[in-house]
Amino acid sequence: MLEVKGQTIYLITGTSGVGKDTIAAELLDKFPSLERTVSVTTRWPARQSELYGETYTFTDQTRFDWLLKTNQLIESSKEYGNNYGLTKFELDRIIRNGKLPLQLVDFNGLDQLIQAGLKTRTVFLDFPNTTVQHQRILHRQPEISQIELDDRLSLTASDRAEASRRAATGQLSIIINDHIAACVSDVAKAFQLTHSPA
């Protein structure tokens, strides 16, 4: 297996419902040098747009725990009761294929990847305002409970504060996702993508 230490990984983080998947898809379409990592997750059922092995590798808790125990995950997190993780094998596969790995992470995942010795180029996506955030979450998950919605909205302030702290140290760039095309362009600049778009 390839030594992942010292390799560069491109990371998108941000507040809940901000459009991380949409921006990632646009980047992948415009920059064929990028390849999105496929994380392992215990979240089930899959959303209608998600495909096994393309969006996520869906697994059960027993297998996920085994991946953790055998040190096969380079980063892992738990969000809203579901486990997510990136296997060393997946990162190795992308780099060996000559691609630039693109991963969606939270701050904990970002820290784990840095601790693993990876070079990171990271953007934090945010909403133009909280009204837009509220509308996008409800559009994406109309069945969400009020308690869960309130929990997600309450995390926004701490996420923004943490992003501002990290941006001040140069660890990441903060980008507002107000218009998709402009956001994609800003992310590409922050990532310093120099490969010719498709």
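Residues numbered from 1 in each chain as written. Predicted model: local features only at pLDDT ≥ 70, side-chain atom pairs only at ≥ 80, totals over all residues. Heavy atoms only, no water.

Things to note about the overall build of the protein
- Broken down by element type, the protein carries 7 helices and 9 strands.
- Computed over the C-alpha atoms, the radius of gyration of the protein is 16 Å, within 12% of the 16 Å expected from 2.2 N^0.38 for a compact globule of 198 residues.
- Its C-alpha atoms give the protein principal-axis dimensions of about 45 × 40 × 30 Å.
- By the burial criterion, 44% of the 198 residues in the protein qualify as buried.
- Within the protein, residue pairs in contact and separated by at least 24 positions form 68% of the contacts whose partners lie at least 6 positions apart.
- Both charge centroids of the protein, one from 22 positive and one from 24 negative side chains, sit 5 Å from each other. (Helix = DSSP H or I, 4+ residues; strand = E, 2+ residues; numbered from the N terminus. Rg over C-alpha atoms; globule rule 2.2 N^0.38 Å. Buried < 20%, exposed > 50% of the residue type's maximum accessible area, 1.4 Å probe, protein only. Contact = heavy atoms within 4.5 Å. Lys, Arg positive; Asp, Glu negative; His and termini not counted. Charge placed at Lys NZ, Arg CZ, Asp CG, Glu CD.)

Looking at the packing of helix α4 (residues 107–115) against helix α6 (residues 146–168)
- Following both chains from N to C, one finds α4 and α6 inclined at 30°, their axes separated by 12 Å at the closest point. In terms of orientation, α4 and α6 fall into the roughly parallel class. Within the contact between the two elements, α4 uses F107, L110 and D111 and α6 uses D159, E162, A163 and R166. (Axes fitted to C-alpha atoms, helices over the stretch in contact; angles between N-to-C directions. Parallel < 35°, antiparallel > 145°, perpendicular 65-115°, else oblique.)

Comments concerning the pattern of salt bridges
- If you walk through the whole model with that rule in mind, you get 9 salt bridges.
- Linking E148 and R152 is a salt bridge whose minimum nitrogen-to-oxygen distance equals 2.9 Å. Residue E148 and its partner R152 are located together in helix α6, separated by 4 residues, close to a single helical turn.
- Owing to a relative accessible area of 7%, R152 belongs among the buried residues under this scheme.
- A salt bridge links R165 to E162; its shortest N-O distance comes to 2.7 Å. (Salt bridge = Lys/Arg side-chain N within 4 Å of Asp/Glu carboxyl O.)

Let's talk about the sheet that holds strand β9 (residues 173–176)
- Taken together, the 5 strands give an open sheet; going across it, the order is β2-β7-β1-β8-β9, and neighbouring strands pair in parallel fashion. The open sheet has two edge strands, β2 (34–36) and β9, and neither has a second partner. Taking each pair of neighbouring strands and ignoring which way they run, the sheet shows an average axis angle of 30°.
- Looking at chain direction, strand β8 (residues 119–126) and β9 are connected through 4 bridges and run parallel. Looking across to β9, one finds that L125 is bridged to I175. (Pairing = 2+ DSSP bridges.)

Re the sheet that holds strand β4 (residues 56–58)
- Taken together, the 4 strands give an open sheet; going across it, the order is β4-β3-β6-β5, and neighbouring strands pair in mixed fashion. On the outer flanks of this sheet lie β4 and β5 (73–79), each paired with one strand and no other. If you compare each strand with its neighbour and ignore which way they point, the axes differ by 25° on average.
- Relative to strand β6 (residues 82–87), strand β3 (residues 39–41) runs antiparallel, the two being bridged by 2 bridges. Bridged to T41 within β6 is Y84.
- In this fold helix α2 (residues 61–69) packs onto β3, β5 and β6, with an angle of close to 135° to the strand it touches most, β5.
- In this fold α4 packs onto β5 and β6, with an angle of close to 165° to the strand it touches most, β5.

Things to note about the layout of surface pockets
- When its volume is computed, the second largest pocket comes out at roughly 200 Å³.
- Taken together, 12 residues make up the lining of the second largest pocket; nearest its centre are V40, T57, R63, L67 and T87.
- For the lining of the second largest pocket, the secondary structure elements donating two or more residues are β4, α2 and α3 (88–96).
- Considered class by class, the residues forming the lining of the second largest pocket number 6 nonpolar, 4 polar and 2 charged. (1 Å grid on protein atoms, 1.4 Å probe; cavity = no way out; pocket = protein on both sides within 12 Å on 5 of 7 lines; lining within 4 Å. Points joined across faces, edges and corners; volume = space filled by probe spheres on them. Nonpolar A, V, L, I, M, F, W, Y, C, P; charged D, E, K, R; others polar.)

What about the side chain of R152?
- A polar atom in the side chain of R152 sits 2.9 Å from the side chain of E148.
- The residues contacting R152, other than those within four sequence positions of it, are S16, Y80, Q133, I137, Q141 and I144. (Polar contact = N/O pair within 3.5 Å; in protein donor to acceptor, adjacent residues only side chain to side chain.)

With respect to the nonpolar core
- Grouped together as the largest cluster of nonpolar side chains are 21 residues, with contacts concentrated most on I12, L27, L125, V187, F191 and L193.
- Looking at this core, the element that brings in the most residues is helix α7 (residues 180–191), giving 5 residues.
- In contact with I12, not counting residues within four places along its chain, are K20, I23, A24, L27, L102, Q103, L104, V105, V123, L125 and F191.
- By size, the runner-up hydrophobic cluster in this structure holds 15 residues, among which are I9, L91, V105 and L172. (Core = buried A, V, L, I, M, F, W, Y, C linked by side-chain atoms within 4.5 Å.)

Side note on the side chain of R36
- Within the secondary structure, R36 is located in strand β2.
- Among the polar contacts listed, one links the side chain of R36 to the side chain of D21, at a separation of 2.8 Å.
- Non-local contacts of R36, meaning those with residues more than four positions away in its chain, are made with D21, A24, L28, E90, I94, L102 and L104.

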